Amino acid sequence: MDKSEQSSQTRRFLVLTILFTVLLLGIVSRLYYLQVVRGDYYAGVAEDNRLRIISTDAPRGEIRDRNGVVLATDVPSFDVVVTTYDLSDADVELGAIAQLTGTKLQDLKNTVKNAGASPFTPIPVVRNVSKAVALQLAEKEPDLPGIQLVMSAKRSYPEGSLAAHVLGYTGEIADTELKELQDQGYVIKDTIGKEGIELQYESLLRGTKSQKLIEVDAEGKVVKTLQEKPATPGKSLVLTIDARLQKTCEDLLGDNQGAAIMMDPRNGELLALASGPTFDPNKFISGISSEDWKLWSAKGTLFNRAIAGKFPPASTFKVVTGAAGLETHVITDKTIIKCSGGITVGGRLFKCWVWPGGHGNEDIYKAYADSCDSYFFTVARLAGIDALDSYAQRFGIDEPTGVDLPGEATGLVPTPAWKLATVKEPWYDGDTMNMGIGQGYTLETPIRDLSIYSSIAMNGTLWRPHLLKSSIDAVTRTETQTQPAVQSTLGVSSSTLDIIKKGLNRVSVTGGMNYLKVGNIKICAKTGTAETGTPDLYHTWLIAFAPMDNPQIAVLLMYENSPYSRSTSMAPLVHRMLQQYFDLYGGNNGSN
Amino acid sequence: MKPHRLPRFFIVSVALLIAFGLGTFYAASLAEKYTLGHYGSFRSYFTKTLLLLGVSVAAGLVLQFLNHRLLRVLALPIYAVQTVLLVLVLLVGKGMYGSRRWIPITGSFGIQPSELHKLAIILIVAFVLTLPRERFTTSVKVLLTALAVAPSVLLVAKEPDLGSSMVLLGVSVLMLVHFRLTNRQLLTLGLVLVVAAGGIWLNLKPYQRTRIETFLNPQADPLGDGYNVIQSIVATGSGGLWGRGIKGSTQAPLSFVPVQYADFVFSLVGELFGFVGSATLVVLFIMLLWSTFLVFRTLNDEFARLIVIGIGSMWFIQAAVNMAMTIGLSPVTGIPLPFISYGGSSLLTHVLAASLVVVLYRTREELRF
């Protein structure tokens, strides 16, 4: 490095150092402005820390049925919020609120205390106050420092009890939920989905709160808004439900305990999913009376039987037994078994339901049509418990269907090991035979039973049952469709499934099942009548899908402690479900 | 002119800055005691800083025994080891909000390699630029510099520590600017920078883009960075001319300003000591820069000169960006204020840098690499 290079470098660094100095002096001048010129102002702001963050709930997304019928929406309401720093005498101001809203003063104090918020953060203490109270409060607000009435929203279900178990309801966030969800920006008194779709899709429905940074004066009155970020409304959800079909299903259930489901087997879209008895979710928003609560508890009203109830599948299980027999080749569709009102094994008579009569010679088609127990006792015994268990598992009885609702239960596939562990008894041939006709220990949820028939309809493919058709972004209006997904494949040969379908078709044209008839559409169906332990009281099932060769709809109707003693009596009811479906959707689907 | 054995003006500047930082934390701990009735977190920042200062000064003194000729030899190994640490931190690193900035050692104690890496970069750039002229043309040197700096900048940005990444880049560029460059070479340099900037922008985390957007448009994020800056400005401004002192300061004890002990420490100074204190601190930094320049002027060896330019640039960039951020004049980038912000790796880095300047000054007559 020669001298001239060196001095040129020195010059450059000198220039840089001077430049640095000037920039730093610039900072000094800004400091002078902030601290000396505006110092008193900022001292005032700092004094009470007069900056407040006000956040307001984002509108929760609407829930609509597939045709746009609004099932859940937000309606305006008022909340009372408290900023503790601005209170002059907590007992006086909170006391006034307690009196106006009919809340206990101590409860208000606890809410404020438990909020754990800084004294400058407004805390909602009473939500959804009535209009009358809001008006009174608005009048008194100027005399109540630290108390504010703010606009908010409350959930409303315009169709009342329609699809209540699907929709679920919202409520105030619980302390346990709050602890878990604090990171996601939830605060005390927030609204959160508690059940059903409201819970399942909380993250989509919720949106982002609006936030306003405001400056207040010494009395807590807003001087100006410094910054504002508008709320991002939650996404609207479009369900696969058709409100008209849902209504029909609920009418059929009436006050009975039971479930009614309609599903498109081609993609798993649930057009109706009803559990009886139903309830009005609006009651959760306005407050539940103790009479309601008593009634609901007695009848298990809030329990979603369609996805969480577990029942003996009875004769609807015979498709599993048939598949096990055909696939293990212990029978073919030519095998003839004679029913003389029952069969005797080990000196014990296993009665067919027709006993003391008899079905005579039965092949598998006739056995399905007659729902002959003797036939399926025999097939179960021939196939053996291991095969029966293996096929019950293939049909997914002990697995969830993956339906997009919280709380789905799984059924039970009893095995010899299970029996030994739970009942403390070895497995007998009689257990295998009882299992073959869906009695005994086997349990299924209605959604699973329908899924089994849906997968038979679709040659072994089960499309995941689902309720969310799409979600719509409130800002961009972009719609995100749910992609149908294959939940499982049976791994049962199509020749076996064809035999079963043929048998199920025979069911629909036999005896009283004729009432199912919709035009000349070929229907596959199966009934089931499960013993309850109480004489002459049964759980009755009827599952059907149609058209046989080009399935579009699978339906299930099930009564717990049924008003009917024979499941075939439900044929006219299931007919209504099918008829309405084909009236609404059949035209453009080339029904045969 | 007979050279002094020690750069007294420089050492006094550094000592005053360190004392200022300690005094600030001590005053804040007293304010905390006054407002809250008991000692709070600033007390522990103060004692920890004392301890870390002891360690750093000891390391700086050890450095004084280092044979300066070794610096040239060590530049490459130091750079290599540091680069390995930067990769390591991405694998095992810890940090807040999903970042990986710290290599944990024990408990909450760890090292932040991106801090010491600033020194490694200064050494390696000075090393590359002073490779023998006979064998390396200027263009080749610039290219090598870019090759040496780019991986570090990207690794640090990946942590993500955008602030430190920008300091590394800025220091290297300022060092290059002080190197002999023709117009064509400056153009090449400009191109490399544009590509690097593009690459970094594409790799930014959403929150980092938010920060830049927040600066450009504070309305965008009222509760995040925008809120931080506003609270920082309020705290600074509330200090007035003389400061609110120990009995009047409320923003620090009540934790209104986020990370006021680290990135926003300048707002703490503003609140406690007012315009007089804040301006004094700025003047101390101006003193530091000029005393560094005065040391630089006495040096003849180009390697040594470039190192001092690098160190001076590092201090300036960090001080200016940090203080500007605190009073809302630049985006929130998380760059600590040298010698003042709480943080062991940061303090060690700057004490070692100062020690290096002293070494180069003391041995300037022997320096003939």
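What you are looking at is a predicted structure, and each value in this text was computed from that prediction instead of being measured.

Comments concerning the overall build of chain A
Turning to step 1, where the next piece is worked out: Looking only at helices and strands, chain A features 22 helices and 23 strands.
Turning to step 2, where the next piece is worked out: Expressed as a percentage of the 592 residues in chain A, the buried residues total 46%.

Overview of the overall build of chain B
Turning to step 1, where the next piece is worked out: Across its full length, chain B carries 13 helices and two strands.
Turning to step 2, where the next piece is worked out: Within chain B, the proportion of its 369 residues that are buried is 53%.

Examining the confidence of the model for chain B
All names here are of chain B.
Turning to step 1, where the next piece is worked out: In this model, chain B carries an average pLDDT of 81, and 84% of its residues clear a pLDDT of 70 or more.
Turning to step 2, where the next piece is worked out: Within chain B, no element has a lower average pLDDT than helix H8 (residues 206–216), which sits at 64, and none a higher one than helix H12 (residues 302–326), at 92.
Turning to step 3, where the next piece is worked out: Among the prediction metrics, the complex's ipTM stands at 0.86, with pTM recorded as 0.65.

Looking at the environment of B:Val308
All names here are of chain B.
Turning to step 1, where the next piece is worked out: In this structure, Val308 sits in helix H12.
Turning to step 2, where the next piece is worked out: Using a count of 24 C-beta atoms within 10 Å as the deciding quantity, one classes Val308 as buried.
Turning to step 3, where the next piece is worked out: Residues in contact with Val308, not counting those within four places in the same chain, are Thr292, Val295, Phe296, Leu299, Val357 and Leu360.

What about the sheet that holds strand E23 (residues 553–559) of chain A?
Residues and elements named next belong to chain A.
Turning to step 1, where the next piece is worked out: Across the sheet, five strands lie side by side as E12-E11-E23-E22-E21; this open sheet has antiparallel pairing. Strand pairing shows two members of the sheet lacking a second neighbour, strand E12 (269–276) and strand E21 (524–531), which therefore form its edges. Across this sheet, the average inter-strand angle for adjacent strands is 5°, counted without regard to direction.
Turning to step 2, where the next piece is worked out: Where E21 lies against strand E22 (residues 538–546), eight bridges are found, and the strand directions are antiparallel. Bridge pairing links Lys526 to Ile543 in E22.
Turning to step 3, where the next piece is worked out: Along the sheet face, helix H22 (residues 571–586) touches strand E11 (258–264), E22 and E23 and points at about 150° away from the line of E23.

A few points about the packing of helix H1 (residues 3–37) of chain A against helix H11 (residues 265–298) of chain B
Turning to step 1, where the next piece is worked out: Taken N-terminus to C-terminus, the directions of H1(A) and H11(B) make an angle of 175°; their axes are 10 Å apart at the nearest point. In terms of orientation, H1(A) and H11(B) fall into the roughly antiparallel class.
Turning to step 2, where the next piece is worked out: Its residues placed into classes, the contact of H1(A) with H11(B) shows 18 nonpolar, seven polar and one charged.

A short note on the pairing of strand E3 (residues 70–82) of chain A
Residues and elements named next belong to chain A.
Turning to step 1, where the next piece is worked out: Pairing of strand E2 (residues 63–64) with E3, which is carried by two bridges, proceeds in the antiparallel orientation. Across the sheet, residue Arg64 finds its bridge partner in E3, namely Val70.
Turning to step 2, where the next piece is worked out: From the end of E2 to the start of E3, which pair antiparallel, there are five residues, and Gly68 there has a positive phi angle of about 95°.
Turning to step 3, where the next piece is worked out: Bridge count for E3 against strand E5 (residues 147–156) is 10 bridges, and the pairing is antiparallel. Across the sheet, the residue bridging to Ser77 is Ser152, located in E5.
Turning to step 4, where the next piece is worked out: Sheet analysis places E3 next to strand E4 (residues 123–129), joined by four bridges and oriented antiparallel. Considered in E4, the bridge of Val80 is made with Val126.

A short note on the interface of chain B and chain A
Turning to step 1, where the next piece is worked out: Listed per partner, the contact involves 44 residues of chain B and 35 residues of chain A.
Turning to step 2, where the next piece is worked out: Of all elements in the fold, only helix H9 (225–238), H11 and H12 of chain B reach the threshold of two or more residues within the side of chain B that touches chain A.
Turning to step 3, where the next piece is worked out: Among the elements that line the side of chain B that touches chain A, the one with the most residues is H11(B), at 13 residues.

Structural notes on the packing of helix H3 (residues 90–101) of chain A against helix H5 (residues 131–140) of chain A
All names here are of chain A.
Turning to step 1, where the next piece is worked out: Contact geometry of H3 with H5 gives a least axis separation of 10 Å together with a crossing angle of 155°. By the angle between their directions, the pair H3 and H5 is classed as roughly antiparallel. For the pair H3 and H5, the crossing hand works out as right-handed. Of H5, the residues touching H3 (which contributes Ala96, Leu100 and Thr101) are Val133, Gln136, Leu137 and Lys140.

Points about helix H3 (residues 69–92) of chain B
Turning to step 1, where the next piece is worked out: Taking 1.5 Å of rise per residue, 24 residues should cover 34 Å, and H3(B) covers 35 Å from first to last C-alpha, within 8% of that figure.
Turning to step 2, where the next piece is worked out: The largest bend in H3(B) is about 45°, located at B:Ala75, with the proline B:Pro77 one to four residues further on.

Observations regarding helix H17 (residues 385–394) of chain A
All names here are of chain A.
Turning to step 1, where the next piece is worked out: For H17, a buried count of seven out of 10 residues is recorded, marking the element as mostly surrounded by other parts of the structure.
Turning to step 2, where the next piece is worked out: Within the sequence span of H17, burial applies to Ile385, Ala387, Leu388, Asp389, Tyr391, Ala392 and Arg394.
Turning to step 3, where the next piece is worked out: As for H17, its buried residues are in contact with helix H14 (318–327), helix H16 (373–383), helix H18 (416–422) and helix H19 (429–436).
Turning to step 4, where the next piece is worked out: Downstream of H17 by a residue or two, Gly396 has a phi angle that is positive, lying close to 80°.

So, the nonpolar core
All names here are of chain B.
Turning to step 1, where the next piece is worked out: Core analysis: the biggest nonpolar cluster contains 120 residues, and Ile122, Leu123, Ile124, Val125, Ile307, Val308 and Val357 have the highest contact counts within it.
Turning to step 2, where the next piece is worked out: If one sorts the elements of this core by residue count, H11 sits on top with 18 residues.
Turning to step 3, where the next piece is worked out: No fewer than three residues from each of domain 1 (1–65 + 205–361) and domain 2 (71–202) sit in this core.

Focus: the environment of B:Ile111
All names here are of chain B.
Turning to step 1, where the next piece is worked out: With respect to the helices and strands, Ile111 occurs in strand E2 (residues 109–111).
Turning to step 2, where the next piece is worked out: Of the residues examined, Ile111 has 17 C-beta atoms within 10 Å and is grouped as partly exposed.
Turning to step 3, where the next piece is worked out: Taking the C-alpha atoms as reference points, Ile111 and Val89, separated by 22 residues in sequence, lie 9.3 Å from one another.
Turning to step 4, where the next piece is worked out: Contacts of Ile111, omitting those with residues within four sequence positions, involve Trp102, Ile103, Ile105 and Ser345.

A look at the pairing of strand E10 (residues 236–239) of chain A
Residue and element names in this part refer to chain A.
Turning to step 1, where the next piece is worked out: By the alternation rule, side chains of E10 split into Ser236 and Val238 and Leu237 and Leu239, which are all buried.
Turning to step 2, where the next piece is worked out: When E2 meets E10, the two strands line up parallel, connected through two bridges. For Arg64, the partnering residue across the bridge sits in E10 and is Val238.
Turning to step 3, where the next piece is worked out: Bridge count for E10 against strand E18 (residues 468–472) is four bridges, and the pairing is antiparallel. When the sheet's bridge partners are listed, Leu239 is paired in E18 with Leu468.

Some words on the confidence of the model for chain A
Turning to step 1, where the next piece is worked out: For chain A, per-residue confidence averages 89 on the pLDDT scale, and residues scoring 70 or more make up 96% of the total.
Turning to step 2, where the next piece is worked out: In this model residues 588–592 of chain A is a low-confidence stretch, pLDDT under 50, and it forms 10 contacts with partners more than four residues away in sequence or in other chains.

Comments concerning unusual backbone geometry
Glycine aside, residues mostly have negative phi, and peptide bonds are mostly found in the trans state.
All names here are of chain A.
Turning to step 1, where the next piece is worked out: Cis geometry marks the peptide bond from Gly276 to Pro277; its omega dihedral reads -10°.
Turning to step 2, where the next piece is worked out: Phi is positive for Ala314, which is not a glycine, with a value near 50°.
Turning to step 3, where the next piece is worked out: Considering the arrangement of structural elements, one finds Ala314 in the loop between helix H13 (305–308) and H14.
Turning to step 4, where the next piece is worked out: A count of 26 C-beta atoms within 10 Å places Ala314 in the buried class.
Turning to step 5, where the next piece is worked out: Non-glycine residue Asp536 carries a positive phi angle of around 60°.
Turning to step 6, where the next piece is worked out: Take Asp536: it is sitting in the loop between E21 and E22.

Definitions and limits used
- Residues numbered from 1 in each chain as written.
- Chains lettered and ligands numbered in written order.
- Predicted model: local features only at pLDDT ≥ 70, side-chain atom pairs only at ≥ 80, totals over all residues.
- Helix = DSSP H or I, 4+ residues; strand = E, 2+ residues; numbered from the N terminus.
- Buried ≥ 20, exposed ≤ 12 C-beta atoms within 10 Å, placed from the backbone.
- pLDDT = per-residue confidence, 0-100.
- Contact = placed C-beta atoms within 7 Å.
- Pairing = 2+ DSSP bridges.
- Axes fitted to C-alpha atoms, helices over the stretch in contact; angles between N-to-C directions.
- Parallel < 35°, antiparallel > 145°, perpendicular 65-115°, else oblique.
- Nonpolar A, V, L, I, M, F, W, Y, C, P; charged D, E, K, R; others polar.
- Left-handed = near helix turned anticlockwise from the far one by under 90°.
- Expected span 1.5 Å × (residues − 1).
- Bend = angle between axes of the 7 residues up to and from the residue.
- Core = buried A, V, L, I, M, F, W, Y, C linked by C-beta atoms within 7 Å.
- Domains from an automatic or database assignment.

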